Each structure stands twice: as structure tokens, then as C-alpha cells.
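Per-entry structural report
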Amino acid sequence: MTKGTQAVDLLDDAGIRPTKARALVLAAIMEAGRPLSHPALAALLPELDRVTVFRSLKALKASGLLHGIQGLDGLLRYVANPASRKGCPGKHPHFLCLECGAMTCLPEQRMPHVRVPEGSEVVGKQFLVYGLCPLCSAKNQKSGNPADLATRKSASAEK
Ligand SMILES: [Zn+2]
Ligand SMILES: [Zn+2]
């Protein structure tokens, strides 16, 4: 089964109209296997215009097939929910690499429980840990730029 037909099946199961654009967007996200922003997706799908990609993302998210996490740049990244956890709103922490922008889901870890003022209504939460991914961290050490690394370390120590 190709990712395309799989995407159409998932759309059917979720009860939303399996338009070509939605299937393409969902297939591209499943293919990537990591969170992608709207601009990154639009670049992967030149056959769709950006507004169509955006509308498809909104519909897919509303149907519980995707979850979105906001990076430090304010851009949402979208990742497909596994079929076994349909409707999972992404209640897990994420790691963002400040160098290459890659975002990783950490679904095996639980979100901290945060008490909110009584009477409040929580509609979502996100927990983002950021730094350097293993690839960028290794590159950084190899390039032997100690000054740069020292700046980074002191910058993060201040937080
Ligand atoms: Zn990286
Ligand atoms: Zn996630």
C-alpha cells in the first residue's frame, strides 16, 4: 500500500472528505516522519498553492490526524498522529534543534502536570526543549569553533 492510498483511508476513517490536497498533505507529513512547518510543506508540494496546503492542515488537525507544535519562531510544525493513537492532540514534549530547525516528538515521555487557577479552561499545552540535535552537536564539536560553543553555553546558562 502506498502512502497516498494509506492517507486516503485515514481521511475516510476520520470522517473527513478525502480531497486530493488533504491526501497529499497527509502523505507528505507521514513520509517526512518529523514535524514540518507550513512553508516547508508548501515547498515539498509545489503542485498545491500555499493557501490550499494551509486549509488542508487546518482540516487534518481538526480531525485529529495531526498535531501541531509551535517553535520559538512562532511557526507551527505539524506531525501525523499514529493510527493507534487517533485523536491524540500531541500531549508529549518536543525537542527543537536551534541550528537546523528539526523538531522531534518525544511521545514516550509524559507532560508535566500544571495546575491552573480554579475555573480556568485549558484548551492545550505544549512543552518545548531546545538546543542542538545530535547531528548539529557533532558538527559543532568537529568544526572546532570553541568561541561559538562557549557563547552558546553561557547563553543557555543564563536562562
Ligand atoms: Zn540540528
Ligand atoms: Zn509530537
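Residues numbered from 1 in each chain as written. Chains lettered and ligands numbered in written order. Predicted model: local features only at pLDDT ≥ 70, side-chain atom pairs only at ≥ 80, totals over all residues.

Let's talk about the overall build of the protein chain
- Counting secondary structure elements, the protein chain contains six helices and six strands.
- Listing the helices and strands of the protein chain from first to last along the sequence gives α-α-β-α-α-β-β-β-β-β-α-α.
- The 159 residues of the protein chain split such that 21% are buried.
- Sequence separation of 24 or more characterises 48% of the internal contacts of the protein chain that already satisfy a separation of 6 or more. (Helix = DSSP H or I, 4+ residues; strand = E, 2+ residues; numbered from the N terminus. Buried ≥ 20, exposed ≤ 12 C-beta atoms within 10 Å, placed from the backbone. Contact = placed C-beta atoms within 7 Å.)

Quick word on the nonpolar core
- Among the nonpolar cores identified, the biggest contains 22 residues, and Val25, Leu26, Ile29, Leu60 and Leu66 are the most heavily contacted of them.
- Those elements that place two or more of their residues in this core are α1 (3-14), α2 (20-32), α4 (50-62) and β3 (76-80).
- Ranked by residue count, the leading element in this core is α2, at seven residues.
- Residues in contact with Val25, not counting those within four places in the same chain, are Leu41, Leu45, Val53, Ser56, Leu57 and Leu60. (Core = buried A, V, L, I, M, F, W, Y, C linked by C-beta atoms within 7 Å.)

Considerations on the environment of Pro107
- Residue position: Pro107 is located in the loop between β5 (103-105) and β6 (128-131).
- On the neighbour-count criterion, Pro107 (16 C-beta atoms within 10 Å) is partly exposed.
- Put simply, Pro107 and His94 are 13 residues apart on the chain and 8.2 Å apart in space, counted from C-alpha to C-alpha.

Concerning α2
- Here α2 contains 13 residues, and its C-alpha end-to-end distance of 18 Å stays within 8% of the 18 Å for a straight helix at 1.5 Å per residue.
- Listed as buried for α2 are Arg22, Ala23, Leu24, Val25, Leu26, Ala27, Ala28 and Ile29.
- Phi turns positive one or two residues past the end of α2, at Gly33, with a value near 70°. (Expected span 1.5 Å × (residues − 1).)

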